[in-house]
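Below, each chain spelled out in residue letters.
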Amino acid sequence: GEDVEQSLFLSVREGDSSVINCTYTDSSSTYLYWYKQEPGAGLQLLTYIFSNMDMKQDQRLTVLLNKKDKHLSLRIADTQTGDSAIYFCAETSRSGNTGKLIFGQGTTLQVKP
Amino acid sequence: DARVTQTPRHKVTEMGQEVTMRCQPILGHNTVFWYRQTMMQGLELLAYFRNRAPLDDSGMPKDRFSAEMPDATLATLKIQPSEPRDSAVYFCASRNVGNTEAFFGQGTRLTVV
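J.: Describe the pairing of strand E7 (residues 65–71) of chain B, listing the residues and the values that go with them.
T.: Residues and elements named next belong to chain B. For E7 and strand E8 (residues 74–79), the ladder comprises five bridges, and the chain directions are antiparallel. By the bridge assignment for E8, Ala67 is matched with Leu77. Where E7 hands over to E8, the hairpin turn is made up of two residues, counted between the paired strands.

Take a look at the structure:
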């Protein structure tokens, strides 16, 4: 079945770059997402990438997709204390036209001043 | 300002009681997801619906959990009887098929004592 894995914790200093990694198993994934969750809140979409792309940049965010290795990463440039949150990788596929949305465990990003 | 609305935001109940959580998806969205978030398991997909029909509820304990969509503006998740291990934050999300983003509610924080 589908599975999405992430490391659980990342700590960086303010101003450094953060790289959060994710692997997935579903080869029929069509969209891959990064969501952000702040304390006590729901998840908000940060960015997404279609499976036929290998990179997407959006201001301080860069998403890299290695479809062969089923590896997705999120790079946050010039990380700020306001970026401290849990970051979830997610994938959806059209296998069987289900459109199921599966999340990883989430990576807690701690940004130290 | 379209948003997914979940009620209640917080619920404390005694073991053995019935719990009903409600979700109002964004108007016009035809896919609704229910997730459970715990520290140990992360974000688990419990069930999801398209056009009010359940597509997959394999993530849900069948003996005590049930999910329904009585109409297009309401999704419910019931637990009967509730147990302490059901304590978690339950999220509802909605999207349209063909849209990339799923929008999340603020969640219902359930505590079963």
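J.: Could you give an account of the interface of chain A and chain B, with specific residues and numbers?
T.: Taken residue by residue, the interface counts 22 residues in chain A and 22 residues in chain B. The contact between chain A and chain B buries some 1,700 Å² in all, and 47% of this surface belongs to carbon and sulfur atoms. Interface area lost by chain A to chain B is led by Leu43, Lys100 and Leu101 of chain A, which between them contribute 25%. For the pair chain A and chain B, the interface holds one salt bridge. We note a salt bridge from Lys100 of chain A to Asp56 of chain B, for which the minimum N-O separation is 2.6 Å. Scanning the region where chain A abuts chain B turns up eight residue pairs in polar contact (both at pLDDT 80 or more). Of all elements in the fold, only strand E4 (29–37), strand E5 (43–50), strand E9 (85–93) and strand E10 (101–103) of chain A reach the threshold of two or more residues within the side of chain A that touches chain B. Ranked by the residues each element gives to the side of chain A that touches chain B, the list is headed by E4 of chain A, at four residues.

J.: I'd like a rundown of the sheet that holds strand E3 (residues 18–24) of chain A, residues and numbers included.
T.: Residue and element names in this part refer to chain A. As summarised here, the arrangement of the five strands in space is E1-E3-E8-E7-E6, forming an open sheet in which the pairing is antiparallel. If you trace the sheet from one side to the other, it starts and ends with strand E1 (4–6) and strand E6 (55–58), each paired once. Between one strand axis and the next, the sheet turns through 15 degrees on average, direction left out of account. For E3 and strand E8 (residues 71–76), the ladder comprises six bridges, and the chain directions are antiparallel. Of the residues in E8, the one forming a bridge with Val19 is Arg75.

Cut-offs applied
Residues numbered from 1 in each chain as written. Chains lettered and ligands numbered in written order. Predicted model: local features only at pLDDT ≥ 70, side-chain atom pairs only at ≥ 80, totals over all residues. Heavy atoms only, no water. Pairing = 2+ DSSP bridges. Helix = DSSP H or I, 4+ residues; strand = E, 2+ residues; numbered from the N terminus. Contact = heavy atoms within 4.5 Å. Buried area = accessible area lost by both parts, 1.4 Å probe. Salt bridge = Lys/Arg side-chain N within 4 Å of Asp/Glu carboxyl O. Polar contact = N/O pair within 3.5 Å; in protein donor to acceptor, adjacent residues only side chain to side chain. Axes fitted to C-alpha atoms, helices over the stretch in contact; angles between N-to-C directions.

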